[in-house]
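Fold and geometry: a report
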Amino acid sequence: AQSVTQLGSHVSVSEGALVLLRCNYSSSVPPYLFWYVQYPNQGLQLLLKYTSAATLVKGINGFEAEFKKSETSFHLTKPSAHMSDAAEYFCAVSGGSNYKLTFGKGTLLTVNP
Amino acid sequence: DSGVTQTPKHLITATGQRVTLRCSPRSGDLSVYWYQQSLDQGLQFLIQYYNGEERAKGNILERFSAQQFPDLHSELNLSSLELGDSALYFCASSVGGGAGTDTQYFGPGTRLTVL
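Given the structure is predicted, the values throughout are model-derived calculations rather than measurements.

What counts and what doesn't
Residues numbered from 1 in each chain as written. Chains lettered and ligands numbered in written order. Predicted model: local features only at pLDDT ≥ 70, side-chain atom pairs only at ≥ 80, totals over all residues. Heavy atoms only, no water. Phe/Tyr/Trp six-rings, centres within 6.5 Å; stacked < 30°, edge-to-face > 60°. Helix = DSSP H or I, 4+ residues; strand = E, 2+ residues; numbered from the N terminus. Buried < 20%, exposed > 50% of the residue type's maximum accessible area, 1.4 Å probe, protein only. Lys NZ or Arg CZ within 6 Å of the ring centre and 35° of its normal. Pairing = 2+ DSSP bridges. Axes fitted to C-alpha atoms, helices over the stretch in contact; angles between N-to-C directions. Core = buried A, V, L, I, M, F, W, Y, C linked by side-chain atoms within 4.5 Å.

As for the packing of aromatic side chains
Here a ring pair, both rings aromatic, is described through the centre-centre distance and the interplanar angle of the planes. Using the criterion set out here, one finds 14 aromatic pairs over all chains in the structure. Look at Phe64(B) and Tyr89(B): their rings are 6.5 Å apart centre to centre, the planes differ by 70°, and that puts the pair in the edge-to-face class. One end of the pair, Phe64(B), is in strand 7 (residues 64-68); the other, Tyr89(B), is in strand 9 (residues 87-94), and 25 residues separate them in sequence. No difference in accessibility class separates Phe64(B) from Tyr89(B), as the two residues are buried. For the ring pair Phe90(B) and Phe106(B), a centre distance of 6.2 Å and an interplane angle of 80° mean the geometry is edge-to-face. Of the two residues, Phe90(B) is situated in strand 9 and Phe106(B) in strand 10 (residues 105-106); the sequence distance between them amounts to 16 residues. One exposure class covers both Phe90(B) and Phe106(B), and it is buried. Grouping aromatic residues by their ring pairs yields a cluster made of Phe34(A), Tyr36(A), Phe90(A), Phe103(A), Tyr35(B), Phe45(B), Phe90(B) and Phe106(B). Geometry around Tyr105(B) places Arg26(B) over its ring, the cationic atom sitting 3.8 Å from the centre.

Okay, here's the thing in structure tokens:
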């Protein structure tokens, strides 16, 4: 079985500050990890994914995430927050013959001017 | 725009009724996935179809069923609706059907309200 825990259901940062959204996973097989973003009243958009190549993954909109097997983590970061980053962010895991995505509960990011 | 389309965008119906949600995958994608997003359960995988065949099943109720047609569009049928079925229903598609690395592209969702 696979699971994802996102620490912090709500994160608030100032514009220009570092964004750090935490994700820890549990998987009995080598995991594939994903970060999706959901803007209000929209579907999910893929930010980045880890598929066992480089452990530091760069995504769209300046986001990146680092896979740390020893910590079972895949935290999402962005050096400088922008107002347009305000959205809900979901971490997800899949792996092995299990094609489905198992999502975390999501983290709502608020960016203050 | 992900290329995945879902209709209708909004659906309001009464308890006990039956509804059909429709999804058209991205051109070239063979897999279709259905997810339910609700405040209490979060995003939950319901079911996956690959090239017309059911591939994987998640937390899908017996009152719910789905199918994928020869043109690869998919329909999710929800029957004997209850208040608790009110949620956002997402369809996603991917090229393949077996690799966990497959990127799933999500549609805009159908918001179902059961009164």
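Regarding the sheet that holds strand 7 of chain B
Residue and element names in this part refer to chain B. Here four strands make up an open sheet; going across it, the order is 1-3-8-7 and the pairing antiparallel. Here the strands that pair on one side only, and so sit at the sheet edges, are strand 1 (5-7) and strand 7. Sheet twist, expressed as the average angle between the axes of neighbouring strands with direction ignored, equals 15°. One ladder, built from five bridges, connects strand 3 (residues 19-24) with strand 8 (residues 74-78); its direction is antiparallel. Each residue of the ladder has a partner; that of Thr20, found in strand 8, is Asn77.

Some details on the nonpolar core
Generally speaking, nonpolar side chains in soluble globular proteins are found buried as a group. Residues Trp35(A), Leu48(A), Phe74(A), Leu76(A) and Tyr89(A) are the most contacted members of the largest nonpolar core, which totals 27 residues. Those elements giving two or more residues to this core turn out to be strand 2 (10-14), strand 3 (19-26), strand 4 (31-38), strand 5 (44-50), strand 7 (64-68), strand 8 (73-78), strand 9 (87-95) and strand 11 (107-112) of chain A.

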